[in-house]
Amino acid sequence: MSTLQPAWTNAEGADLATALFAETFGSAPAGVWASPGRVNLIGEHTDYNGGLCLPIALPHRTFAALSPRSDDVVRVVSDLAPQAVWAGTLDDVRPGGDLPGWVTYAAGPAWALRDAGMTVHGFDAAFASCVPLGSGLSSSAAIECAAALGLDEVYDLGLATDDDGRARLAALCVRSENLVSGAPTGGLDQAASLRTSAGQALLLDCRDGHTEPVPFDLAAEGLALLVVDTKAPHALVDGQYAARRASCEAAAATLGIPTLREITDLDAALAQLDDPVARQRVRHVVTEIARVEEFVALVRAGRLRDVGPLMIASHESLRVDYEVTVPELDTVVSAAMAAGALGARMTGGGFGGSAIALIEASQVEATVQAVHDAFAERGFGEPAFLVAVAADAGRRVA
Ligand code: GLA
């Protein structure tokens, strides 16, 4: 039977990253920066359509112990990858560079900062993380943002000190993920990692980058948010994600609008699209943006207990119209609902990854058991579980 995956405290994470740094590079780091993974409460596959999302930061973070260098050498090591040091120069870190995947996340932000005209030299960095890897909980963005926060401070760029600067830092991490890592993702994950606050969800408007905090105190309502990592194979670079994004962009072009966010009359838009698949994709995006607005309105009205049907509608739309769920994700939703959850849905990009269930705080164990049993019955591998609370954005921790 699974136990809940705990988040490291800042002291634990900082100690692990510092020890790995010292063991690898033989000195103490200049500092340690930590940045979180996320769950998105609702608003999926809307970010690259100029839409709305509603993430919270997880207490689970990636810790980067980092020191600047006077030359252009880059050396990175991680507890996530086979414990080999990757060493190269800043020139090796670029779009089309032949780098291991995790190195593109760890070092790519340095390329994006330099490409934006900022002065960044080489660095040594050691990464330690308790964000479950490849789980759809933004383990990649957590690495990028931890590295970017460290570089921002040791190279005195001053971006992390206010929200405008953090928005800029997030955008540069997205640019790195798109161009150096080759994953055509939107801005949800990096905004969640860099622009959230404890106890709040982040209403992110991807049309203009505007954000608003939405108080999200589950404990006060006697509720809990259970996250289930299905462990089903999950990858955003395998073409499926890119295909979804491309069909949205093609539909927007057909409709003569910059993004699907501009659709004000869904039926009229659907009538202009001949391709039935394009119609499905557009219907998901437009209805999902509306669900984010309804979800936020309910939470702000103190009606957190009423958001369940919106979560279910979101999951159904992602299953039927957007076609990004897998049987494991659908099973989490059905098992959690049968066990009495208020709502449940996949979170993140889909194609594997994680699902969330909004449940009574007293029902964590029973829901874990129900999902565990449902997975065993269907012959799926053992999932992993954690309980999410809205945590703080990334920052220096040592
Ligand atoms: C992944 C991407 C995000 C976003 C989600 C789906 O997590 O990295 O940019 O598109 O999928 O909402």
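Structure: above.
Residues numbered from 1 in each chain as written. Predicted model: local features only at pLDDT ≥ 70, side-chain atom pairs only at ≥ 80, totals over all residues. Heavy atoms only, no water.

**Q** Would you mind going over the packing of helix α3 (residues 139-154) against helix α5 (residues 188-195) with me for this structure?
**A** Packed helices, taken two at a time, are described by the angle their axes make and the gap between the axes. In contact at an axis separation of 9 Å, α3 and α5 are set at 50° when each is read in the N-to-C sense. Relative to α5, the element α3 lies oblique. As α3 packs across α5, the resulting crossing turns out to be right-handed. Of the residues in α5, those touching α3 at A141, A142, E144, C145 and L149 are D189, Q190, S193 and L194. Residue composition of the contact of α3 with α5, grouped by class: 5 nonpolar, 2 polar and 2 charged. (Axes fitted to C-alpha atoms, helices over the stretch in contact; angles between N-to-C directions. Helix = DSSP H or I, 4+ residues; strand = E, 2+ residues; numbered from the N terminus. Parallel < 35°, antiparallel > 145°, perpendicular 65-115°, else oblique. Left-handed = near helix turned anticlockwise from the far one by under 90°. Contact = heavy atoms within 4.5 Å. Nonpolar A, V, L, I, M, F, W, Y, C, P; charged D, E, K, R; others polar.)

**Q** It is not clear to me how the nonpolar core should be interpreted in this structure. Could you clarify?
**A** One broad trend across soluble globular proteins is that nonpolar side chains are buried collectively. Residues V39, L54, I56, L225, L260, V282 and F295 are the most contacted members of the largest nonpolar core, which totals 75 residues. Not counting residues within four places of it along the chain, the set of residues in contact with V39 comprises P55, I56, L58, L137, L225, V227, T347, I356 and A388. Counting residues in hydrophobic clusters, the runner-up holds 39 residues, among them W86, A107, C145 and Y155. (Core = buried A, V, L, I, M, F, W, Y, C linked by side-chain atoms within 4.5 Å. Buried < 20%, exposed > 50% of the residue type's maximum accessible area, 1.4 Å probe, protein only.)

**Q** What is the right way to look at the packing of aromatic side chains in this model?
**A** For any pair of aromatic rings, the description rests on two quantities: the centre-to-centre distance and the angle between the ring planes. One pass over the structure, following the stated rule, counts 4 aromatic pairs. On the basis of an interplanar angle of 70° and a centroid distance of 5.5 Å, the ring pair of Y48 and Y241 is categorised as edge-to-face. Taken together, the residues Y48 in the loop between β1 (31-40) and β2 (52-53) and Y241 in helix α6 (residues 240-255) connect sequence positions 193 residues apart. You can call Y48 buried: its relative accessible area is 7%. With a relative accessible area of 5%, Y241 lands in the buried category. Directly above the aromatic system of Y322 lies the positively charged group of R281, at a separation of 5.9 Å from the ring centroid. (Phe/Tyr/Trp six-rings, centres within 6.5 Å; stacked < 30°, edge-to-face > 60°. Lys NZ or Arg CZ within 6 Å of the ring centre and 35° of its normal.)

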